[in-house]
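Structure at a glance
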Amino acid sequence: MYKTVCPYDCPDSCSVLVAADYKSCRGDPDNSYTQGFLCGKGRRYPKVVFSPERFPTPLRRSGPKGAGIFRAITWDEALAEVAAQTENTWDCYGGSAILPYSSAGTMGVIQGRAGEPLFNALGALRLQDTICSAAGEMGFNAILGRRLSADPETVSDGDLIIIWGANPASTRQHIMPFILSAKRRGAQVVVVDPYQSRTVRWANWHLRPRPGTDTALVLGLMYVLWHEGLVDKNYLRTYTIGFPELVKQVLPRFTPSQVETITGVPAAEVTRLARAYAAAQAPFLLVGHALSRYQGAGQLFRALATLPALLGVYGRERGGIIFSTSQGFPIDWEAVYGSDLCTGPRKEFNMLELGKALDPDAAETVRLLFVYNANPAATCPDQKAVRRGLMRTDLFTVVLEHFVTETALYADILLPATTAWEHADLYTSYGHYWLQWADKIMSPRGQARSNCHIFQQLARRLGFSDPMFYCSAKDLAQQAVRRGPDGLNEANWQALWQGKPVKVLPKGANPFAHGFSTSSGKVEIYSAALAAQGLPPLPDYIPTGMDRDGLTLISVHPHEFINTSQVPLARGDKCYQDLAALFNPADAATFGLTSGQQVQLKSDSAEMVVTAKITAAVLQGTVVIQGIVPVSAVPGPTVNTLTSQELCDFGLGSTFSGIEVYPMTDPFKT
Ligand SMILES: Nc1nc2c(c(=O)[nH]1)N[C@H]1C(S)=C(S)[C@@H](COP(=O)(O)OP(=O)(O)OC[C@H]3O[C@@H](n4cnc5c(=O)[nH]c(N)nc54)[C@H](O)[C@@H]3O)O[C@H]1N2
Ligand SMILES: Nc1nc2c(c(=O)[nH]1)N[C@H]1C(S)=C(S)[C@@H](COP(=O)(O)OP(=O)(O)OC[C@H]3O[C@@H](n4cnc5c(=O)[nH]c(N)nc54)[C@H](O)[C@@H]3O)O[C@H]1N2
Ligand SMILES: [Mo]
């Protein structure tokens, strides 16, 4: 058995045991969060590693962009050409003509942003990492200061678990045993979701707000808590700022009946949930990333992060909020990114605006694009603009990948990257507090090289001599992990590098029990910092403006896939064929739709064809698309054909969800 870690963009970052013949893998019982089980995506990893779809050598484009016609070249040729292009671009146009685009294809600390030291040295554009949950992160941190969560392993002690805009039965599967253990001991499990997700099967209460209206529902709960005298006044006085202003300026507009009008959730249910929350001793609020994809997402996260404070839940040993644990690890990120190699300011660009950045008419033209750990031609909004940009003949595109993805089709140079079994890496998590080191457990297949190796080789060819470009991944990881009082103790340090998962819970099960890292040290319901930026100082509801005659589009992350990562090996599978656009029966009647039918969906700016499935699991007035994978059996358009580059209220985040679409069965009708 070999020990490793599941590298995918998922909160669970599971500890994995791989069979000696590499044919199978399972969860490592050494990690009390993973608890010895792996989901279907994790168990599919041997198929990724040994997939015949992986390309074994570097490739050079030999047909038109987007056609996917390549010829094999040597590493020496590939690196020489990329180095020459980089040098040339830098000499002629400067660092801001070089755009690095990466995401969380691997969650490994070292391979994840492996290009950063080089891009710092080149003064390239700096990517704002916004695609997943920027609004959520900013909203959460505005209230609580730092992205920490209650230890998810203590959820089994909860007596009320509210799962809000999350589908952990698919997207965070390893928290489910803790939720179900609490339920067996009498806890109520509530799901707040317009869609009847898999998680609803495990719940005893389902509230279905209209998409994008949740902030009104949270404020309605607060209204009831305040109006019925259920709030913890002492806690509010001592540990929060701005509750009186919230009571005066915001809450009176969110009586249960007003909330019913906005959200569709019956007024009696609003009151009932508020009372249940107040009565619970250890209530947990599990908040999903899905909520971060709306116009008003920043405000929603502020409201959600405020709610537990009304009852003083943050001061209790059990209960609290679970969104992300990503800022709970003793990692020096500046060391990982090689920030001191940066010689001047780097211009920033929002990854959600890749289409604009690649626009030939942009004020400053990008000439060289590096893509790794990401598939933006499928996952970025406003897909037409992205693909138009990728078609530009004056753009040189380098892609590091396992597979010929939608993005890789446009590469000038395509470089074969190693999988998590073929390289070494350090793993944090955004769903738990286990820090893990995974050595490489097999030689790379074909001529694959790790992201880190590839960027180091490139840096050396460009004449950079910093030691970062000569270190092993393990050296880099050891420089990044802090030791001592604000880091790992000696025993954990030793255990980590022996491959044992190490729990790094910063301050007990509820990380906010000892205070907040906002500038005031309190829960900042009123934020002077946001006011200074011209943003609303108090959480409030921003109307969606969606009460028109179309349907509201939500795309959910699919159970069987992890973003687009495993799509190339599953195109023939049944689970792939099952991905469809889901419509409510009443809407199907209005628009004349039947299951299995090809339907054209139109948004303000674009249209695409989907296969319809009619199901009451979808709330009337909404359409749910399962996943961001291409809808055809060959690499093709995704739901992001319909989305736009518009950003949300705060945090430069996305508006993937909440857009209005019109279904049409007759493509000639306009
Ligand atoms: N199996 C699987 N797991 C994954 C991923 C995957 O692709 N597949 N992706 C990973 C990544 S990158 C992420 S960011 C996370 C995402 O994790 P989640 O946020 O849990 O997943 P989503 O499917 O995006 O959305 C969860 C639920 O939110 C609901 N929702 C949508 N809009 C609203 C709304 O306005 N209000 C409310 N109350 N609910 C709403 C959806 O109907 C859906 O059921 O999962 C990670 N884990
Ligand atoms: N409409 C809509 N769009 C969305 C979403 C949505 O809900 N709706 N969700 C958004 C969210 S939350 C996210 S996080 C993004 C996800 O979108 P992306 O961040 O683009 O993620 P993936 O689609 O998983 O693509 C990751 C790629 O990295 C590759 N990869 C994996 N490991 C390695 C490695 O070690 N080295 C290299 N070089 N490559 C590797 C994989 O093969 C895969 O092709 O999509 C966003 N887009
Ligand atoms: Mo994500």
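Above this text you will find the structure in question.
Attention here is on the structure that accompanies the text. Worth saying up front: this structure is predicted, and the values here are computed from it rather than measured. (Residues numbered from 1 in each chain as written. Chains lettered and ligands numbered in written order. Predicted model: local features only at pLDDT ≥ 70, side-chain atom pairs only at ≥ 80, totals over all residues. Heavy atoms only, no water.)

With parallel pairing, the five strands of this open sheet are ordered in space as S10-S9-S8-S12-S13. If you trace the sheet from one side to the other, it starts and ends with strand S10 (205-207) and strand S13 (320-322), each paired once. The mean inter-strand angle of the sheet, taken between neighbouring strand axes irrespective of direction, is 20°. Note: strand S8 (residues 160-164) against strand S12 (residues 283-287), five bridges, orientation parallel. Each residue of the ladder has a partner; that of Leu-160, found in S12, is Pro-283. Sitting on the sheet, helix H14 (residues 297-310) is in contact with S8, S12 and S13, with an inclination near 165° to S12. (Pairing = 2+ DSSP bridges. Helix = DSSP H or I, 4+ residues; strand = E, 2+ residues; numbered from the N terminus. Axes fitted to C-alpha atoms, helices over the stretch in contact; angles between N-to-C directions. Contact = heavy atoms within 4.5 Å.)

For the rest of this paragraph, the subject is helix H3 (residues 75-93). The periodicity of an α-helix, 3.6 residues per turn, causes residues three or four places apart in sequence to face the same way. Taking 1.5 Å per residue, 19 residues should reach 27 Å; H3 reaches 26 Å between its end C-alpha atoms and fits that length. All of the buried residues along H3 are Trp-75, Ala-78, Leu-79, Val-82, Ala-83, Thr-86 and Thr-89. Projection of H3 onto a plane perpendicular to its axis shows the buried side chains occupying an angular sector of 130°, all on one side. H3 presents Asp-91 and Cys-92 as exposed residues on the side facing more than 90 degrees away from its buried surface. Buried-residue contacts for H3 involve strand S6 (98-102), helix H5 (116-122), strand S15 (368-372), strand S16 (396-401), strand S17 (413-416) and helix H19 (451-461). (Expected span 1.5 Å × (residues − 1). Buried < 20%, exposed > 50% of the residue type's maximum accessible area, 1.4 Å probe, protein only. Arc of directions from axis to C-beta.)

Next up on the list: the environment of Ala-216. Tracing the sequence through the fold places Ala-216 in helix H9 (residues 214-227). In this structure Ala-216 comes out as buried when scored by relative accessible area, which is 0%. Through-space distance from the C-alpha of Ala-216 to that of Arg-253 is 9.1 Å; in sequence the pair is 37 residues apart. Once you skip the residues sitting within four places of it in the chain, Ala-216 turns out to touch Phe-254, Val-259, Ile-262, Thr-263 and Tyr-541.

Next up on the list: the site of ligand 2. For ligand 2, the set of nearby residues contains 30 residues, the closest of which are Ser-103, Thr-379, Glu-401, Ser-555 and Thr-564. Between ligand 2 and Thr-379, the relevant distance is 2.8 Å, taken from an oxygen atom to a side-chain nitrogen or oxygen of the residue. One of the backbone nitrogen or oxygen atoms of Leu-400 is found 2.9 Å away from a nitrogen atom of ligand 2. Protein contact buries 98% of the 920 Å² of open area that ligand 2 shows by itself. (Near = heavy atom within 4 Å. Polar contact = N/O pair within 3.5 Å; in protein donor to acceptor, adjacent residues only side chain to side chain. Areas by Shrake-Rupley, 256 points an atom, 1.4 Å probe, with all protein chains shown as cover.)

Let us now look at the environment of Glu-153. Examined against the element boundaries, Glu-153 turns out to sit in the loop between helix H6 (134-144) and S8. Using a relative accessible area of 14% as the deciding quantity, one classes Glu-153 as buried. Each C-alpha atom, one on Glu-153 and one on Ala-305, is 20 Å from the other, the two residues being 152 residues apart in sequence. In contact with Glu-153, not counting residues within four places along its chain, are Ser-32, Tyr-33, Phe-178, Trp-434 and Lys-503. Polar contacts involving the side chain of Glu-153 include one to the side chain of Trp-434, which spans 2.9 Å. A distance of 3.3 Å separates a polar atom in the side chain of Glu-153 from a polar atom in the side chain of Lys-503.

As a further point, take unusual backbone geometry. Of note, Ser-13 is a non-glycine position whose phi angle comes to about 30°, a positive value. Residue class for Ser-13 comes out buried when judged on its relative accessible area of 3%. Positioned with a positive phi, Asn-563 is a non-glycine residue whose angle comes to about 50°. Within the secondary structure, Asn-563 sits in the loop between strand S22 (551-556) and helix H23 (574-577).

What follows concerns the pattern of salt bridges. Counted according to the given criterion, the structure contains 25 salt bridges. For Arg-461, the salt bridge identified is with Asp-76, shortest N-O distance 2.6 Å. Remark: Asp-76 occurs in helix H3 and Arg-461 occurs in helix H19; sequence separation between them is 385 residues. Judged by relative accessible area, Asp-76 falls into the partly exposed class, the value being 48%. It is possible to trace a salt-bridge network through shared partners that takes in Lys-3, Asp-28 and Asp-30. (Salt bridge = Lys/Arg side-chain N within 4 Å of Asp/Glu carboxyl O.)

So, about the sheet that holds strand S19 (residues 434-438). Read from one edge to the other, the open sheet built from three strands follows the order S18-S19-S20, with strand pairing classed as antiparallel. Only two strands of the sheet have a single neighbouring strand rather than two, namely strand S18 (425-427) and strand S20 (502-503). In terms of strand pairing, S18 meets S19 through three bridges, oriented antiparallel. Bridge pairing in S19 places Leu-426 opposite Trp-437.

As a further point, take the site of ligand 1. Looking at ligand 1, there are 33 residues lining it, with Asp-193, Asp-214, Arg-293, Tyr-294 and Phe-561 nearest. A distance of 2.9 Å separates an oxygen atom of ligand 1 from a polar backbone atom of Ala-290. The side chain of Arg-293 places a nitrogen or oxygen atom 2.7 Å from an oxygen atom of ligand 1. Relative to its free-state accessible area of 920 Å², ligand 1 is covered by the protein chains to the extent of 98%. Mapped by element, the contributors of at least two residues to the shell around ligand 1 are helix H7 (168-171) and S22. Grouping the constituent residues of the shell around ligand 1 by class yields 17 nonpolar, 11 polar and five charged. (Nonpolar A, V, L, I, M, F, W, Y, C, P; charged D, E, K, R; others polar.)

Next up on the list: the nonpolar core. Residues Leu-144, Ile-162, Trp-164, Met-222, Phe-243 and Tyr-314 are the most contacted members of the largest nonpolar core, which totals 60 residues. Per-element tally for this core: the top contributor is H9, with nine residues. Discounting chain neighbours no more than four positions away, the residues touching Leu-144 are Ala-305, Tyr-314, Ile-321, Phe-512, Phe-516, Ser-517, Thr-518 and Val-523. Core analysis: the next-biggest nonpolar cluster, separate from the first, contains 52 residues, Trp-75, Val-82, Leu-118 and Ala-121 among them. (Core = buried A, V, L, I, M, F, W, Y, C linked by side-chain atoms within 4.5 Å.)

With that settled, consider the packing of aromatic side chains. Inspection of the entire model under this criterion finds 23 aromatic pairs. Taken together through their ring pairs, the aromatic side chains of Tyr-2, Tyr-8, Tyr-22, Tyr-45, Phe-50 and Trp-421 make up a single cluster. Sitting over the face of the ring of Trp-493, Arg-483 holds its NZ or CZ atom 4.0 Å from the ring centroid. (Phe/Tyr/Trp six-rings, centres within 6.5 Å; stacked < 30°, edge-to-face > 60°. Lys NZ or Arg CZ within 6 Å of the ring centre and 35° of its normal.)

In the contact formed by helix H12 (residues 256-263) and helix H13 (residues 267-279), the axes pass within 8 Å of each other and the chain directions differ by 115°. As H12 runs across H13, the sense of the crossing is right-handed. Here Pro-256, Ser-257, Val-259 and Glu-260 of H12 lie close against H13, whose contacting residues are Ala-267, Val-270 and Thr-271. Here the contact of H12 with H13 is built from residues that sort into four nonpolar, two polar and one charged. (Left-handed = near helix turned anticlockwise from the far one by under 90°.)

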